[in-house]
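Residue-level structure breakdown
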Amino acid sequence: MDKMLVKGGTVLNGEVATSGAKNAALPLLFSTLLAEGEHVFHNVPILKDVESTCELLSYLGCDVFRDGHTLKIKVKKPAETVAQYDVVRKMRASTLCMGPLLTKYGSAQVSLPGGCAIGTRPINYHLEGFKALGADIKIEKGYVLAEAKKLIGDTIIFETPSVGATENLLMAASLADGETTIENAAKEPEVVDLANYLNKMGAKITGAGTSIIKITGVNSLKPAEHHIIADRIEAGTLLIAGAITKGEVTVTNCNSRDLEALTIKMKESGFKLSIDDSSMTIHKTSGWQGVDITTAPHPAFPTDLQAQFMALMTLAEGTSVISETVFENRFMHVQELSRLGADITPKTRVAIVRGKNKLIGAPVMATDLRASACLVLAGLVAEGETLVNRIYHLDRGYERLEEKLTKIGANISRFT
Ligand code: UD1
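Just so it is clear, the model here is predicted, and its values are computed rather than measured.

Calculation criteria
- Numbering of residues starts from 1 in each chain and follows the order in which that chain's sequence is written.
- Thresholds applied to this predicted model are a pLDDT of at least 70 for local features of residues and 80 or more for the giving and counting of side-chain atom pairs; totals over whole chains, interfaces and linings are not thresholded and use all residues.
- Each side-chain value is derived from all of the structure's non-hydrogen atoms; neither hydrogens nor water enter the calculation.
- By the criteria applied, helices consist of DSSP H or I runs no shorter than four residues and strands consist of E runs no shorter than two, each listed in order from the N terminus.
- Throughout, exposure labels follow a simple rule: accessible area from a 1.4 Å probe, protein chains only, divided by the maximum for the residue type, with under 20% read as buried, over 50% as exposed, and the rest as partly exposed.
- Being near a molecule or strand, for a residue, comes down to having at least one heavy atom within 4 Å of it.
- Whenever two N or O atoms come within 3.5 Å, that pair is a polar contact, provided that in protein one can donate a hydrogen and the other can accept it, and provided that, for residues adjacent in sequence, both atoms are side-chain atoms.
- To measure how exposed things are, a 1.4 Å probe is used in the Shrake-Rupley method; for residues, cover is taken only from the protein chains shown.
- Only heavy atoms matter for contacts: two residues are in contact if any of them lie within 4.5 Å across the pair.
- What makes two strands pair is DSSP finding at least two bridges between them.
- Take a side-chain nitrogen of Lys or Arg and a carboxyl oxygen of Asp or Glu: if they are within 4 Å of each other, that pair is a salt bridge.
- As used throughout, domain bounds are those supplied by an automatic or database domain assignment.
- By definition, the buried area sums, over both parts, the 1.4 Å-probe accessible area that each loses when the two are put together.
- When residue character is reported, Ala, Val, Leu, Ile, Met, Phe, Trp, Tyr, Cys and Pro are called nonpolar, Asp, Glu, Lys and Arg charged, and the others, Gly included, polar.

Take unusual backbone geometry next. Cis geometry marks the peptide bond from H298 to P299, where omega comes out at 10 degrees. In this fold, P299 is placed in the loop between β18 (293-294) and α10 (306-313). Not every positive phi belongs to a glycine, and N184 is a case in point at roughly 60 degrees. Since its relative accessible area comes to 27%, N184 is described here as partly exposed. You will see that R349, though not glycine, has its phi angle at about 65 degrees, which is positive. Tracing the chain through its elements places R349 in the loop between β20 (343-347) and β21 (350-354).

Following this line, the structure appears as structure tokens:
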């Protein structure tokens, strides 16, 4: 199992580019199942989760060709519309094949994902949505069996906005009969990117990026070509890396409007930022103040940046209150940050962080993707060496993070 050794104390300086968005790439790759023929994607990040998605697509009969950051996917009718436990267990987003398979081929058998380190993460909204469109849903031997000769448009109202359920339903409704309205839809930029690609394929979707999305079903879709949006979570992580080391770092190839919730909080904390549409610069600082954040669906503060922001707050002047409203168990990094000397009191869904003037390196354990990034960030400033174990979580969602950080001055090495 790979580990990462971070030697703290170097100041990061320079320019670093953001890769394509993992959370946009996964649904986009699954959406190819809606149309046989060749789909082309550019700016595809090179990540473990993208690899797992391609494995599942290959299992479903697709031919996948990669040339650097371009992926060509030739889609053919699958012999069986099944996503096995072994794949779904590795990557929960595999459930996103359900909408396309069900609507295109009339059936999907997808292993139910279990719980995960950050919460129970049920998929009931996805299943209730398919049922509303007329699908017959059964759960047998750990699998969801979904069937429908033809889905029929209807109104779906989500209890809370779910990114995955919105995406699964967008794809399913694109080939349904008649009009579907999704109310309380997720407004994340990745949902918008998916809707844009579906429209390029011939779908009729309006309202993506707002809480009401309307989809008029069409009879067929055709493959298209698409440039995937930048990864806002990676961009935010890189910006915080510059901030926590008191360096001057410019993050390029990003969409700064997607990160306003973060940049507003960083400014409130006392950081100076220069921002234009596609780049953000964090300027040198001598210190920052504790600020409170509450995670919530987009455009509020993203849960996927909560752990990284908490690392920053461990070194702030004063106290910050971090409230997590999206996932019920997303404070696994608290105990690990405490091993580095951070002063954090976790309560149910709230953590009180009392800023200290230093962290001290120690061995720590990555528990999930974003918690891994948080520990690397803390390691960048902790005195001495921080050994981050179970770094495979990081590889699921960050393309060559250690290389990118090393290029701007970090001292990081990876070993097995
Ligand atoms: C996506 C992102 C993940 C991010 C999350 C929230 C991808 C591949 N992953 O995950 O990085 O942290 O959005 O921004 O895009 N819920 C239910 N029932 C459901 C679906 C969701 O109760 O059927 C709950 C979840 O447990 C969670 C909340 O709704 O508490 C939001 O989850 P959701 O937006 O669905 O997250 P994902 O799509 O799984």
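Residues in contact with the ligand amount to 15 residues; listed here are only the nearest, N124, Y125, S162, D304 and V326. Residue D304 places a side-chain N or O atom 2.6 Å away from an oxygen atom belonging to the ligand. Here the ligand loses 83% of its free accessible area of 740 Å² to cover by the protein chains. Put simply, the parts of the chain that give the shell around the ligand at least two residues each are α5 (124-132) and α6 (163-174). In terms of residue count, the dominant contributor to the shell around the ligand is α5 (three residues).

On to helix α4 (residues 98-105), then. Counting buried positions along α4 gives seven out of eight residues, so the element sits mostly inside the fold. Along α4, the positions that sit buried rather than exposed are M98, G99, P100, L101, L102, T103 and Y105. Looking at the buried residues of α4, the elements they touch are α1 (22-31), β7 (107-111), α5, β9 (143-147) and α6. After α4 finishes, the residue G106 shows a positive phi value of roughly 85 degrees.

Right, let's talk about the sheet that holds β7 for a bit. One open sheet accounts for four strands, arranged β6-β7-β9-β8; its pairing is mixed. The two strands at the open ends of the sheet, each matched to only one other strand, are β6 (82-83) and β8 (136-140). One ladder, built from two bridges, connects β6 with β7; its direction is parallel. Counted as the bridge partner of A83 is V110 from β7.

Attention now goes to the pattern of salt bridges. Considering all chains together, one arrives at 18 salt bridges under this definition. Across the pair E268 and K265 runs a salt bridge, and its minimum N-O distance is 3.2 Å. Of this pair, E268 and K265 both sit in helix α9 (residues 260-268), separated by three residues, roughly a single helical turn. With relative accessibility at 46%, the residue E268 sits in the partly exposed group. Among the salt bridges present, the one from E383 reaches K358, with a minimum N-O distance of 3.5 Å. Pair noted here: E383 is in the loop between α12 (369-381) and β23 (385-389) and K358 is in the loop between β21 and β22 (363-365), with a separation of 25 residues, a long-range link. With relative accessibility at 43%, the residue E383 sits in the partly exposed group. Residues joined in a network through salt bridges with shared partners are D2, D395, E402 and R414.

Along the chain, T53 falls in helix α2 (residues 48-59). Each residue touching T53, except ones within four places of it in the same chain, is listed here: L26, L29, F30 and M91.

What follows covers the domain arrangement of the protein. What the domain assignment reports for the protein is domain 1 (3-19 + 230-415) and domain 2 (22-227). Measuring from the centre of the C-alpha atoms in domain 1 to the corresponding centre in domain 2 gives 30 Å. Each side of the interface is counted separately: domain 1 has 23 residues, and domain 2 has 20 residues. Note on domain 1 versus domain 2: buried area summed over both sides is about 1700 Å², and carbon and sulfur give 51% of it. Per-residue buried area on domain 1 facing domain 2 is highest for H298, R396 and E399; these three make up 33% of the total on that side. Taken together, the connections running from domain 1 to domain 2 amount to two salt bridges. We note a salt bridge from D49 to R396, for which the minimum N-O separation is 3.0 Å. Counting every contact that joins domain 1 to domain 2 gives seven residue pairs in polar contact (both at pLDDT 80 or more). Elements supplying a minimum of two residues to the side of domain 1 that touches domain 2: α12 and α13 (392-397). No other element matches the three residues that α13 contributes to the side of domain 1 that touches domain 2. Classifying every residue of the side of domain 1 that touches domain 2 by side-chain character gives seven nonpolar, five polar and eleven charged.

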